[in-house]
Amino acid sequence: MIRVVHRWPGLLAGLLLLVLSLSGALLSLFPAIERLSSVQPAALSTAELAERIQAVHPEVEQIRRRPSGRITAYWSENGVARAAVMDPASGREIASADPNPFERWLTRLHRSLLFDDAGRILTAVGAAAMLVLAVSGAVLVARRAGGWRRWLSPLRGPFAARLHVEIARIAVAGLLLSSATALWMSASSFDLLPDGPSSPATEAEGSGRTGMPVADMDMLKRTPVSELRSLSFPDPADAADVFTLKTDRGIGHLDQATGALLTWSEPSAWQRVSATLYMLHTGRGAAALGLILGFMALGVPAMAGTGFVLWFAGRPARPRIRGNVAAGRAETILLVGSEGGSTWGFAATLHAALSASGQAVHAAPMSSFEPARYRQARRILILTATYGDGDAPASARGFLDRLKSVPAAAPVALAVLGFGDRSFPGYCAFGRAVAETAEARGWCMLVPFMAVNRQSPQDFARWGRSLGAAMGMTLDLVHHPVLPAVFPLRLVSRRDHGAEVQAPTAILRFALPTPPFWLRLTGRGFGRFVAGDLLGVLPEGSAVPRFYSLASGCRDGFIEIVVRKHPAGLCSGQLFELQPGDTVNAFMRQNPGFHAGRDTAPLILIGAGTGIGPLAGFIRANARRRPIRLFFGMRHPDSDFLYGEELKGWRRSGQLQRLATACSRTQQPSYVQDVLREEGAEIARMVREGARVMVCGGRDMAAGVSEALADILAPTGLTPARLRAEGRYVEDVF
């Protein structure tokens, strides 16, 4: 629901919001320019200022002080009205008081779209839409971060999504303030607020005498120029006329013969609030704040662009669920935890099957979990993937914390289905954690926790039969996975290794295809990738892709993977048959959990066999020469020293600081964890000083590395588990 509330104001009022935000950003420059160009008086009283200006222009009618400190005088000369910006030190003219034509036009555009009342009503509607967008956007950012306390937590996912949220984090406070103050000012301009003075002033009557110099008037001497708003002089031909003094504290009338204060009225609370909100909205009197708000207003066009990219890119990833019942009326609540969108496809199949059986079903992201809304619910079904090594996927951030904080709903049963790849060590770990936490909190489990391996329709159908039996109904879940769009990749070169040690391995380099414009725009697929991302290859005769870690980024101008041929391996066998010029169908999948990042923290790279692939890609991309140490395990240096020549070149260029190798098929066999122990003191020092550890290779190797690092780091009080929690120990294990 929050997403709908957030989306439609942006779509319907998009052009209006762009006009208001861009014009507001430009207008924020003028108070700062005026402040910098204005002569700021030293400690000066209003009496002294009036005396100096009156000495130069005896016929002065009014003196005004702008919030920027600019002093303007108004007088008549030979019947012609004149005005000028004055030097408070000398009382002389220093600049024209004519308003900037562009600023006047821009102000009219911002306030009323160059129309009259109809335009002001339209801008008020725009301000209301902006307020709705800012509030709903703040809620969505908090959900994605995992709660308000994690507002600044690191983000992951596609570049456009991360950029959209990062801009929102910075701009949302300013947009909330600007939209709320704009609505207040609109209400004030239509006389919808009680902006009158708290005690209406009576009409001032002077003594009927004249002659007292302004320099001698006590009230003017006690009023510093810094508090002055305006001073209006009496008509020289009218002895009953009076001085009118407006300050930050109120409005008073002074007798022109005695300087006595005849009347005084203070602003009402409403007027004080309105004046403060006017200052906050326009920056008049707070130029620095105005610039900050103007800068934040530029977030609107930036977020409009990234929001459109996200909407366009997300259409194929998340299927439309038809007949989605409101949460308060649903018998079945279907919550989805997904990183890339594929889990939503299974959710749509389940939603359709339950709806066809007469169930009222509400589907939503796990991040929107709120049991108090589920007034009619009898069951909650959770379908969730696992991100990385047991973390929550993007649409489930903060779910476990909320689950731990709410009591079990007595009549509501719960079922959890995990999605993952059994070849990874954290297989369905998040889904399992959800099920275990729910049971510990006293939730009744409708069916035991089950898992779907590699998006298997058979596993999903098997779980559906168990779920249907528990619900007393027949539930046939026939899911047809939506295969990703694939591109033909042409092999341009291959280098073969490992035949002598019965471990045939090849470094395959493919030409970089030209992706469609929308992929380049959204940064998805072949439009933008880095080493560590995954190349999905669809082998002939199978709808299940095999994934290979990339040894290159899009800036390298090619796609490179390292493949070992497995006995009876369908995909690896087909890849090994490729010769330069042959093609294979593939697609790209981001893997942000295994990126080297752009910071300068030292890297400790540990890999064996084909695990060298992404690690070589990290080193190849190390143009800034951050400190990198590579520990590489192989069978024999004469057969499978992958990237041997490149590693030597990278060492000479400074892209690789140190290389340590371990060989298991030599006269003195060793493994990569043995080399780690030999350099334990240096590794402990680097980790203590902030280094990241990245491990890629077989599961047994990764387990040995973790054990060795635990021993190495024990004296420092650090552990691999703690480093993993800090994001400083990551694995890509197969």
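Structural data are supplied above this passage.
In this report, we go over the structure that sits alongside the text.

Topic: the overall build of the protein
Part 1: In terms of helices and strands, the protein carries 23 helices and 25 strands.
Part 2: Its C-alpha atoms give the protein principal-axis dimensions of about 115 × 70 × 55 Å.
Part 3: Counting over 734 residues, the protein shows a buried share of 49%.
Part 4: Long-range contacts, defined here as pairs at least 24 residues apart, represent 70% of the contacts in the protein between residues at least 6 apart.
Part 5: When the accessible area of the protein is evaluated, it comes to approximately 34,800 Å², of which 56% is carbon and sulfur surface.
Part 6: Distance from the positive charge centre (79 side chains) to the negative charge centre (61 side chains) of the protein: 8 Å.

Let's talk about the side chain of D640
Part 1: One can find D640 in the loop between β22 (628-634) and α19 (644-653).
Part 2: Look at D640: it is buried, it has no salt bridge, and the nearest opposite charge is R635 at 4.3 Å.
Part 3: A distance of 3.1 Å separates a polar side-chain atom of D640 from the backbone nitrogen of R635.
Part 4: A distance of 3.3 Å separates the side chain of D640 from the side chain of S639, its partner in a polar contact.
Part 5: Non-local contacts of D640, meaning those with residues more than four positions away in its chain, are made with H497, G498, V501, F632, M634 and R635.

A short note on the environment of F30
Part 1: Along the chain, F30 falls in helix α3 (residues 29-37).
Part 2: When the C-alpha atoms of F30 and T282 are compared, they prove to be 9.6 Å apart, with 252 residues separating the residues in sequence.
Part 3: For F30, the residues in contact, after removing those within four places along its chain, are N100, F102, E103, L106 and R284.

Overview of the pattern of salt bridges
Part 1: Scanning the model with the defined rule gives 25 salt bridges in all.
Part 2: Here D599 and R626 are joined by a salt bridge, their closest N and O atoms 2.6 Å apart. Highlighted residues: D599 in the loop between β20 (583-589) and β21 (603-608) and R626 in the loop between α18 (612-620) and β22, separated in sequence by 27 residues.
Part 3: Given a relative accessible area of 8%, R626 falls into the buried group.
Part 4: It is possible to trace a salt-bridge network through shared partners that takes in R629, R658, E679, E682, R685 and E689.

Notes on the sheet that holds strand β24 (residues 692-697)
Part 1: What the five strands build is an open sheet, ordered β23-β22-β21-β24-β25; its pairing is parallel. Every interior strand has two partners, whereas the edge strands, β23 (658-663) and β25 (729-733), have only one. Taken over all neighbouring pairs, the strand axes of this sheet differ in orientation by 10 degrees on average, direction set aside.
Part 2: Pairing analysis gives five bridges linking β21 to β24, with the strands arranged parallel.

Some thoughts on a negative patch on the surface
Part 1: On the surface, a cluster of negative charge is contributed by E59, E61, D235 and D238.
Part 2: Along the chain, E61 falls in strand β1 (residues 60-65).
Part 3: Of the residues examined, E61 reaches a relative accessible area of 40% and is grouped as partly exposed.

A word on the side chain of T263
Part 1: Within the fold, T263 resides in strand β8 (residues 261-265).
Part 2: The class of T263 is buried, set by a relative accessible area of 11%.
Part 3: In terms of polar contacts, T263 uses its side chain to reach the side chain of H253, at 2.6 Å.

Concerning the pairing of β23
On a regular strand, each side chain points to the face opposite its neighbour's, so the side chains alternate between the two faces of the sheet.
Part 1: The sheet contact formed by β22 and β23 spans six bridges and is parallel. In the sheet register, G633 faces β23, and the bridge partner there is A662.
Part 2: Read from β22 through α19 to β23, the crossover connection turns out right-handed.

Thoughts on a nonpolar patch on the surface
Part 1: Residues L26, L29, I33, F102, W105, L114 and L291 make up a contiguous nonpolar surface patch of about 610 Å² in total accessible area.
Part 2: Counting only elements with at least two residues in the nonpolar patch, the list comes to α3 and α5 (101-112).
Part 3: Inspection of the secondary structure puts L26 in helix α2 (residues 14-27).
Part 4: The class for L26 is partly exposed, based on a relative accessible area of 39%.

Section: the sheet that holds strand β5 (residues 228-232)
Note on sheets: strands pair through backbone hydrogen bonds, and any given pair is parallel or antiparallel.
Part 1: Reading across the sheet, the eight strands line up as β4-β3-β2-β1-β5-β6-β7-β8 and stay open at both edges, with antiparallel pairing between neighbours. At either margin of the open sheet sits one strand with a lone partner, and together these are β4 (93-96) and β8. Across the sheet, the mean angle separating the axes of adjacent strands is 20 degrees when strand polarity is ignored.
Part 2: For β1 and β5, the ladder comprises three bridges, and the chain directions are antiparallel. Opposite Q62, over in β5, you have S232 as the bridge partner.

Some details on the packing of α2 against α5
Part 1: Remark: α2 packs on α5, axes separated minimally by 9 Å, with the N-to-C direction vectors making an angle of 145 degrees. α5 is crossed by α2, and the crossing has left-handed handedness. Of α5, the residues touching α2 (which contributes V19, L20, S23, G24, L26 and L27) are E103, L106, T107, L109 and H110.
Part 2: Classifying every residue of the contact of α2 with α5 by side-chain character gives six nonpolar, four polar and one charged.

Digging into α2
Part 1: Compared with the 20 Å implied by 1.5 Å per residue over 14 residues, the 20 Å span of α2 between its first and last C-alpha is a close match.
Part 2: Along α2, the positions that sit buried rather than exposed are L16, L17, L20, S21, S23, G24, A25 and L27.

So, helix α14 (residues 429-440)
Part 1: Relative to the 16 Å expected for twelve residues at 1.5 Å per residue, α14 spans 16 Å between its end C-alpha atoms, a close match to the ideal helical length.
Part 2: Among the residues of α14, F430, G431, V434, A435, T437 and A438 are the ones counted as buried. Down the axis of α14, the sector holding all buried residues measures 165 degrees, keeping them to one side. Relative to its buried face, α14 has exposed residues pointing more than 90 degrees away, namely E439 and A440.
Part 3: Considering only its buried residues, α14 is in contact with β11 (379-385), α13 (399-405), β12 (413-420) and β13 (444-445).

So, how was this worked out
Residues numbered from 1 in each chain as written. Predicted model: local features only at pLDDT ≥ 70, side-chain atom pairs only at ≥ 80, totals over all residues. Heavy atoms only, no water. Helix = DSSP H or I, 4+ residues; strand = E, 2+ residues; numbered from the N terminus. Buried < 20%, exposed > 50% of the residue type's maximum accessible area, 1.4 Å probe, protein only. Contact = heavy atoms within 4.5 Å. Areas by Shrake-Rupley, 256 points an atom, 1.4 Å probe, with all protein chains shown as cover. Lys, Arg positive; Asp, Glu negative; His and termini not counted. Charge placed at Lys NZ, Arg CZ, Asp CG, Glu CD. Salt bridge = Lys/Arg side-chain N within 4 Å of Asp/Glu carboxyl O. Polar contact = N/O pair within 3.5 Å; in protein donor to acceptor, adjacent residues only side chain to side chain. Pairing = 2+ DSSP bridges. Axes fitted to C-alpha atoms, helices over the stretch in contact; angles between N-to-C directions. Patch = residues over 30% accessible without salt bridge, like charges linked within 9 Å, V, L, I, M, F, W, Y side chains within 5 Å. Right-handed = clockwise from strand over helix to strand, strands pointing away. Left-handed = near helix turned anticlockwise from the far one by under 90°. Nonpolar A, V, L, I, M, F, W, Y, C, P; charged D, E, K, R; others polar. Expected span 1.5 Å × (residues − 1). Arc of directions from axis to C-beta.

None of the figures reported here should be taken as evidence of function without further support.
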